[in-house]
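Close look at the chain arrangement
In case you want the letters, here they are:
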Amino acid sequence: MEDSNKKEKINRRGFLKIAAAATAAFSIQPTLDKVKAANNVITGKKNSIVRKDGMLYRTLGSGSAAFEVSAMGFGVMGMNYNRSQSPGRKQCIRVIHEAAERGVTLFDTAIVYGPLHNEILAGEALAPYKGKVNITTKFGHEVINGKTTGRQDSSPATIRRYCEDSLRRLKIDSIPLFYQHRFDPKTPVEVVAETIGDLIKEGKVQHWGMCEVNAETIRKAHSIQPLTAIQSEWHLMHRLIEENDVLKVCQQLGIGFVPYSPVNRGFLGGAINEFTVFDDKNDNRQTLPRFQPDTIRANTAILNVLQHFGRTRGMTSAQVALAWLMSKGEGIVPIPGTTKVSHLIENLYTLDFDISDNDWKELESAVASFPVMGDRYNAEQQRQVGH
Ligand SMILES: NC(=O)c1ccc[n+]([C@@H]2O[C@H](COP(=O)([O-])OP(=O)(O)OC[C@H]3O[C@@H](n4cnc5c(N)ncnc54)[C@H](OP(=O)(O)O)[C@@H]3O)[C@@H](O)[C@H]2O)c1
């Protein structure tokens, strides 16, 4: 009796998954052409978006640096680092598996998250999907005996050591995309690019990228070892890369872009308000000027704009935030993070919406009428970016 109940449950779960996949496949197909059309209008280029097994794919980078991934990635960081309480290993693995089963092939972590614990979680959760998904990770912040020192270290010997350690924790033979997390003033970018070039030749790394660097650094790095992606903060409340030439250089050189914190660390998802209490041991948002009660209260006007925009289109504010980023052109792959299957599905269903260029302009001007209150980073974090 217990056995037949169990079977019944499994069959039902299997059916629900197949039904969901079939619905997604039917709804994504027409969306594909519409998304293609919308993006072509914006970039004026042939879009690299393609469809496989009901999931949309995009290509980060070009030529020898090209890397095809699901059009929406998954940020693993917040499952056990910097986003308050973790729901625990079992639930995190369940969510990561759900993402992989639904076709996500780009999972993002870093050595410094945890430190180390986030890579360990990603490696353990994704081991059954080896060869089918990609785990991207990052070096740069110095970590000694499992603790951060606050310094940067991208010297060749350290990059090599961190690469070996990450391979072991991630349970893979080659890192699909290895990012420099923050610029190291002591190590010229040319040296970093050459070191990564050697690791690529040795097969330990397949592609590389950089985070939060300026346009000149990107040009220098790319001329030595072609970059696949730049990963920096980008969302409707932080549009610096559109103003400081970073996006322009990426488009000129054919480098992909991975917007991090695409729903502004949860704020644009609508579940944060001035009374939200962040875990004082495991949440960096409490240190950010933009996440203080008064700035949260003021910035809620911006969230309301997204909610209002989504209301007549059947979209949540998180979907509006993600769809806006994706509409900015090909080679853009956001990596929202979540601890919940429901938010994962909501975020993936962003791929199902088609918004016109004019509508996006309307949204942008509505958002612009409310100045963003509070800096995104505190002084120390700000010192580490833009080199
Ligand atoms: N390169 C870098 O310097 C850098 C810096 C920061 C982050 N990152 C990467 O970017 C990834 C994502 O960044 P992030 O976690 O800072 O920001 P995010 O993805 O913008 O926001 C994550 C937060 O949003 C909430 N959320 C997600 N989907 C939601 C939805 N549909 N509705 C309401 N709330 C939702 C999540 O809470 P729930 O768990 O409740 O869903 C989570 O706390 C990280 O995992 C990391 O890989 C990179």
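Presented here is a report on the structure given in the accompanying data block. These numbers were taken from a predicted model, which means no experiment stands behind them.

**Here's the deal with the packing of helix 9 (residues 293-311) against helix 12 (residues 357-368)**
- Two elements in contact, helix 9 and helix 12, have axes whose closest approach is 9 Å; the angle formed by their N-to-C orientations is 155 degrees. One element, helix 9, and the other, helix 12, form an angle in the roughly antiparallel class. Helix-helix and strand crossings are classified by hand; for helix 9 and helix 12 the assignment is right-handed. The segment helix 9 lies against helix 12, with I302, V305, L306 and F309 engaging D359, W360, L363, A366 and V367.
- Considering only residue class, the contact of helix 9 with helix 12 consists of eight nonpolar, no polar and one charged.

**Concerning the sheet that holds strand 12 (residues 256-260)**
- Across the sheet, seven strands lie side by side as 4-5-6-9-10-11-12; this open sheet has parallel pairing. Strand pairing shows two members of the sheet lacking a second neighbour, strand 4 (74-75) and strand 12, which therefore form its edges.
- Alignment of strand 5 (residues 106-108) against strand 6 (residues 134-139), held across three bridges, turns out to be parallel. In the sheet register, F107 faces strand 6, and the bridge partner there is I135.

**A closer look at the pairing of strand 8 (residues 147-152)**
- In the sheet, strand 7 (residues 141-144) pairs with strand 8 via three bridges, with the strands oriented antiparallel. Of the residues in strand 8, the one forming a bridge with V143 is T148.
- The antiparallel hairpin formed by strand 7 and strand 8 contains two residues in its connecting segment, where N145 sits at a positive phi of about 50 degrees.

**Quick notes on helix 12**
- In this model helix 12 runs 16 Å from its N-terminal to its C-terminal C-alpha over 12 residues, within 8% of the 16 Å that 1.5 Å per residue would give.
- Within helix 12 the residues assigned to the buried category are W360, L363, E364 and V367. Considered in projection along helix 12, the buried side chains sweep an arc of 100 degrees and stay on one side of the axis.

**Quick look at the site of the ligand**
- In the region of the ligand, 30 residues are neighbours, and D108, T338, T339, K340 and H343 sit closest.
- At 2.9 Å from an oxygen atom of the ligand is found a main-chain nitrogen or oxygen belonging to G337.
- Here T339 contributes a side-chain N or O atom positioned 2.5 Å from an oxygen atom of the ligand.
- Considered on its own, the ligand offers 900 Å² of accessible surface; in the complex 93% of this is hidden by protein.
- At three residues, the largest contribution of residues to the shell around the ligand is made by helix 11 (residues 341-348).
- Grouping the amino acids of the shell around the ligand by side-chain chemistry returns 10 nonpolar, 12 polar and eight charged.

Rules used throughout
- Residues numbered from 1 in each chain as written.
- Predicted model: local features only at pLDDT ≥ 70, side-chain atom pairs only at ≥ 80, totals over all residues.
- Heavy atoms only, no water.
- Axes fitted to C-alpha atoms, helices over the stretch in contact; angles between N-to-C directions.
- Helix = DSSP H or I, 4+ residues; strand = E, 2+ residues; numbered from the N terminus.
- Parallel < 35°, antiparallel > 145°, perpendicular 65-115°, else oblique.
- Left-handed = near helix turned anticlockwise from the far one by under 90°.
- Contact = heavy atoms within 4.5 Å.
- Nonpolar A, V, L, I, M, F, W, Y, C, P; charged D, E, K, R; others polar.
- Pairing = 2+ DSSP bridges.
- Expected span 1.5 Å × (residues − 1).
- Buried < 20%, exposed > 50% of the residue type's maximum accessible area, 1.4 Å probe, protein only.
- Arc of directions from axis to C-beta.
- Near = heavy atom within 4 Å.
- Polar contact = N/O pair within 3.5 Å; in protein donor to acceptor, adjacent residues only side chain to side chain.
- Areas by Shrake-Rupley, 256 points an atom, 1.4 Å probe, with all protein chains shown as cover.

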